[in-house]
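So the chains spell out like this:
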Amino acid sequence: MINSASSLVGVRFIGSGSAVPDRVLTNHDLAQMVDTTDEWIASRTGIRERHIADGDADSVANLAAKAGQKAIAAAGLAPADIDLIILSTSTSDDLFGTAGRVQKILGAERAVAFDLVAACSGFVFGMVTASQYIRTGLYRNVLLIGADVLSRWVDWQDRRTCILFGDGAGALVLQADPAQDHLLGFEMRSDGKGNDLLNINYSGRSTFEPISMNGQEVYRFAVRRVPEVIEKSLNIANLTVSDVDWLILHQANQRIIDAVVNRFGIDPAKAVSNMGKYGNTSAASIPIALDEWVKAEKIAPNHIVAIAGFGAGLSWGSAVFRWG
Ligand code: COA
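Conventions used here
Residues numbered from 1 in each chain as written. Predicted model: local features only at pLDDT ≥ 70, side-chain atom pairs only at ≥ 80, totals over all residues. Heavy atoms only, no water. Pairing = 2+ DSSP bridges. Helix = DSSP H or I, 4+ residues; strand = E, 2+ residues; numbered from the N terminus. Axes fitted to C-alpha atoms, helices over the stretch in contact; angles between N-to-C directions. Contact = heavy atoms within 4.5 Å. Parallel < 35°, antiparallel > 145°, perpendicular 65-115°, else oblique. Left-handed = near helix turned anticlockwise from the far one by under 90°. Near = heavy atom within 4 Å. Polar contact = N/O pair within 3.5 Å; in protein donor to acceptor, adjacent residues only side chain to side chain. Areas by Shrake-Rupley, 256 points an atom, 1.4 Å probe, with all protein chains shown as cover. Nonpolar A, V, L, I, M, F, W, Y, C, P; charged D, E, K, R; others polar. Domains from an automatic or database assignment.

Engineer: Teacher, can you tell me more about the sheet that holds strand S4 (residues 84-88) here?
Structural biologist: Backbone-to-backbone hydrogen bonds join strands into a sheet, with any given pair of strands oriented parallel or antiparallel. Across the sheet, 5 strands lie side by side as S1-S7-S6-S4-S5; this open sheet has mixed pairing. Looking at the sheet topology across the chains shown, the edges are occupied by strand S1 (10-19) and strand S5 (112-116). Each neighbouring strand pair of the sheet contributes to a mean axis angle of 20°, computed without reference to strand direction. As paired strands, S4 and strand S6 (residues 141-149) are joined by 5 bridges and run parallel to one another. Residue pairing across strands places Leu84 opposite Val142, the latter belonging to S6. Lying on the sheet, helix H3 (residues 60-74) is in contact with S1, S4, S6 and strand S7 (167-177); it crosses S1 at an angle near 130°. The sheet strands contacting helix H4 (residues 99-106) are S4, S5 and S6, and the helix crosses S5 at an angle near 140°.

Engineer: It is not clear to me how the packing of helix H6 (residues 215-236) against helix H7 (residues 254-264) should be interpreted in this structure. Could you clarify?
Structural biologist: The axes of two packed helices give the description: the angle between them and the distance between them. Packing of H6 against H7 brings their axes to within 10 Å, and their N-to-C directions diverge by 45°. Taken together, the axes of H6 and H7 are oblique relative to one another. In terms of crossing hand, the pair formed by H6 and H7 is right-handed. Each of Tyr219, Ala222, Val223, Val226, Pro227, Ile230 and Glu231 in H6 lies in contact with H7, whose residues at this interface are Arg255, Ile256, Ala259, Val260, Arg263 and Phe264.

Engineer: Before we go on, may I ask you to explain the side chain of Thr36 in this structure?
Structural biologist: With respect to the helices, strands and loops of the structure, Thr36 is situated in the loop between helix H1 (27-31) and helix H2 (38-45). Residues in contact with Thr36, not counting those within four places in the same chain, are Leu30, Ala31, Ile41 and Ile163.

Engineer: For this particular structure, what's the right way to read the site of the ligand?
Structural biologist: Neighbouring residues of the ligand: 21 residues in total, closest Thr36, Arg44, Arg159, Gln216 and Asn253. In the environment of the ligand, a nitrogen atom lies 2.7 Å from a nitrogen or oxygen atom belonging to the side chain of Thr36. In the environment of the ligand, a nitrogen atom lies 3.5 Å from a nitrogen or oxygen atom belonging to the side chain of Trp40. In isolation the ligand has 960 Å² of accessible area, and contact with the protein removes 74% of it. Among the elements that line the shell around the ligand, the one with the most residues is H6, at 4 residues. Tallied by class, the residues present in the shell around the ligand amount to 8 nonpolar, 8 polar and 5 charged. For the shell around the ligand, the two domains that each supply at least three residues are domain 1 (10-177) and domain 2 (183-322).

What follows is the structure, encoded as structure tokens:
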């Protein structure tokens, strides 16, 4: 397996972007809809508000294209430079795939485009997939987008799940570099035995059931498996936790981040957290956080960033890379 800096063509991470709907739903708003409180939600999850899609203007395709446009511009490229678009989403506008719509909106006419479904691990799995196409020499510029509109699939009467999720998109441009490889290590895992812990199941009536989730089991899974997979990708990169400048976990729950931070003894200031403003945006959460920290110039060129996604499947994965 090519999973180190030893391949022929390296991967660089050269531009990020993100987009969220304008509409904000606070915990106080939710308390008008279901039997909950701001205090309960904030203390159990760290979430205070989330952005919620407003009809077609905030479709997966539109949010993804907005984030993608910004990432392409930040990379100093034009849409025509993009060879491959990977859209990681579990909430496609079209069961046949949404990536083609994104390609059309962007005008990225040379690109081949496809969807990748891996729930909240989608951005990590997409990064690994994109890198394989680059490392084998097939594509030079890849646009990776994580975008989800989970609000469409939330049961807004179910206080155990509706408090958790938000909508948004984040994007990253990866570029081939014959001289340097900034993808330092990665690891992806699946365990179908836990598949029934988190689902949006086909209902049998040309639609899907709302999200169903066993919250406690998903919490236990994340706290157990995420550190393992981060350690594995750090080992592959020949790095230790102390080399990591920024840890970006999937933004599902502040308690999960805190547990991982404690487990590694890492400085909490290095653990990126913005879920208070966005909730769990699934495949979009890591790239939205990455973009926010890049724009704030906290993440700087050559910083070591470790990311980890986890969620339905069950699936989980981590990647360690050097920014820029
Ligand atoms: N407001 C108020 N009370 C609520 C509530 C809400 N929004 N949601 C659940 N409760 C109640 C429950 O009904 C239960 O009451 P009971 O004891 O009278 O039956 C009590 O709070 C405890 O419920 P429980 O499900 O045990 O809470 P928890 O401490 O496990 O917290 C989660 C629930 C969902 C916050 C937590 O399990 C979690 O974060 N899990 C991970 C979920 C996740 O990240 N999923 C996405 C992964 S990609």
